[in-house]
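Residues per chain, in single letters:
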Amino acid sequence: MDLGIAGKVALVTAGSRGLGRATALALAGEGVRVMVSGRDVDSLERVRADLGLIGVDADVRAGDVTDPEEPARLVAATLERFGSLDILVANAGGPPPGRAVDQSDEALELALNANLLTSVRLVRESLPHMRSAGWGRICCITSYTVKQASPVLALSNTARVGLWGWMKTAAHDLAAESSGITVNMACPGPHSTDRMKELGGSGVMGDPADFGSTVAFLCSQQAGFINGASIVVDGGATLAL
Ligand code: NAD
């Protein structure tokens, strides 16, 4: 299926490895021009080379997306390089595991910054450019913990449900404006990435490339009436609705 987004411009954050990288490659496969951000310069250069093989115009930018100033810098760099911003995939590394009752204020604040506020800042910085174009697609990469809390991921459970509440309300705001912009969440279950290896995950794992294709569909022309949705991509692992 042609997703109808060839020639659009996407910003994919935390895209040097894992699910972000897979999403950048899926979008590029649809002919989308891509700006990829990440912290690790060597991984970013490998992504640049992979995107070059697909043959789309692409660029990378090193930086910590959880720095409160970085979302504005990233959006400005994307506009300077490509002239527009049509698609935002807001992603950041996940918080460390742990029990709820063991979390300090500092740990909670770090998780809320990385996995809630960073996405909010990225959306806020992107919206003016999507509004002026009358079209936009936003997808936040979060976690199945939006639907079903994990006993070992208290920080993820907390921050991602907060982002879900903000995203749902933002979707309603954007629909009320007839903005042509949608905002959704893709919520991964276990996928074989470095993050999953760090967490010691085992058992059946999803292919990051399939996850990237799901995000690309949420950013497609055809997904224009999917707004405020949290799409779980977990192979059936989660039992919550
Ligand atoms: P990953 O650790 O494999 O890759 C994350 C990438 O983002 C890396 O390239 C890393 O360098 C980059 N990154 C991390 N923090 C960054 C920052 N502050 N600024 C810029 N770049 C940064 O992780 P992943 O498995 O691809 O997971 C992506 C997101 O999805 C995370 O939030 C994770 O918690 C969540 N998630 C993943 C899974 C899974 O099974 N992989 C399951 C549930 C949720």
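Residues numbered from 1 in each chain as written. Predicted model: local features only at pLDDT ≥ 70, side-chain atom pairs only at ≥ 80, totals over all residues. Heavy atoms only, no water.

Engineer: I would appreciate a short explanation of the packing of aromatic side chains in the present structure.
Structural biologist: Counted under the stated rule, the structure contains 0 aromatic pairs. Over the aromatic face of W135 sits the side chain of K8, whose NZ or CZ is 4.0 Å from the ring centroid. (Phe/Tyr/Trp six-rings, centres within 6.5 Å; stacked < 30°, edge-to-face > 60°. Lys NZ or Arg CZ within 6 Å of the ring centre and 35° of its normal.)

Engineer: Can you walk me through the site of the ligand in this structure?
Structural biologist: Neighbouring the ligand are 27 residues; S16, L19, A92, H191 and T193 lie closest to it. A distance of 3.0 Å separates an oxygen atom of the ligand from a polar backbone atom of R17. Between the ligand and G189 there is a distance of 3.2 Å, counted from an oxygen atom to a backbone nitrogen or oxygen. Relative to its unbound accessible surface of 820 Å², the ligand loses 95% to contact with the protein. Secondary structure elements with two or more residues in the shell around the ligand: α1 (18–29) and α6 (194–198). (Near = heavy atom within 4 Å. Polar contact = N/O pair within 3.5 Å; in protein donor to acceptor, adjacent residues only side chain to side chain. Areas by Shrake-Rupley, 256 points an atom, 1.4 Å probe, with all protein chains shown as cover. Helix = DSSP H or I, 4+ residues; strand = E, 2+ residues; numbered from the N terminus.)

Engineer: Can you walk me through the sheet that holds strand β5 (residues 136–141) in this structure?
Structural biologist: Within a sheet, each strand pairs with its neighbour through backbone hydrogen bonds, oriented either parallel or antiparallel. Judged by pairing direction, the sheet is parallel, and its 7 strands sit side by side in the order β3-β2-β1-β4-β5-β6-β7 without closing on themselves. Every interior strand has two partners, whereas the edge strands, β3 (58–62) and β7 (230–233), have only one. Adjacent strand axes in the sheet meet at a mean angle of 15°, parallel and antiparallel pairs treated alike. Across 4 bridges, the pairing between strand β4 (residues 87–90) and β5 is parallel. In the strand pairing of β5, A90 is matched with C140. On top of the sheet, helix α2 (residues 41–54) reaches β2 (33–38) and β3; it is set at about 175° to β3, its chief contact. Seen against the sheet, helix α7 (residues 208–218) touches β4, β5, β6 (181–188) and β7 and runs at an angle of roughly 165° to β6. (Pairing = 2+ DSSP bridges. Axes fitted to C-alpha atoms, helices over the stretch in contact; angles between N-to-C directions. Contact = heavy atoms within 4.5 Å.)

Engineer: What am I meant to see in helix α3 (residues 70–82) here?
Structural biologist: Because the α-helix completes a turn every 3.6 residues, residues three or four places apart line up on one side. Between the first and last C-alpha of α3 there are 18 Å, a value that for 13 residues agrees with the 18 Å anticipated at 1.5 Å per step. When we look at burial in α3, the residues that qualify are E70, P71, L74, V75, A77, T78 and F82. The buried residues of α3 occupy an angular sector of 160° when projected down its axis, which confines them to one face. Considering only its buried residues, α3 is in contact with β1 (9–12), β2, β3 and α4 (105–133). (Expected span 1.5 Å × (residues − 1). Buried < 20%, exposed > 50% of the residue type's maximum accessible area, 1.4 Å probe, protein only. Arc of directions from axis to C-beta.)

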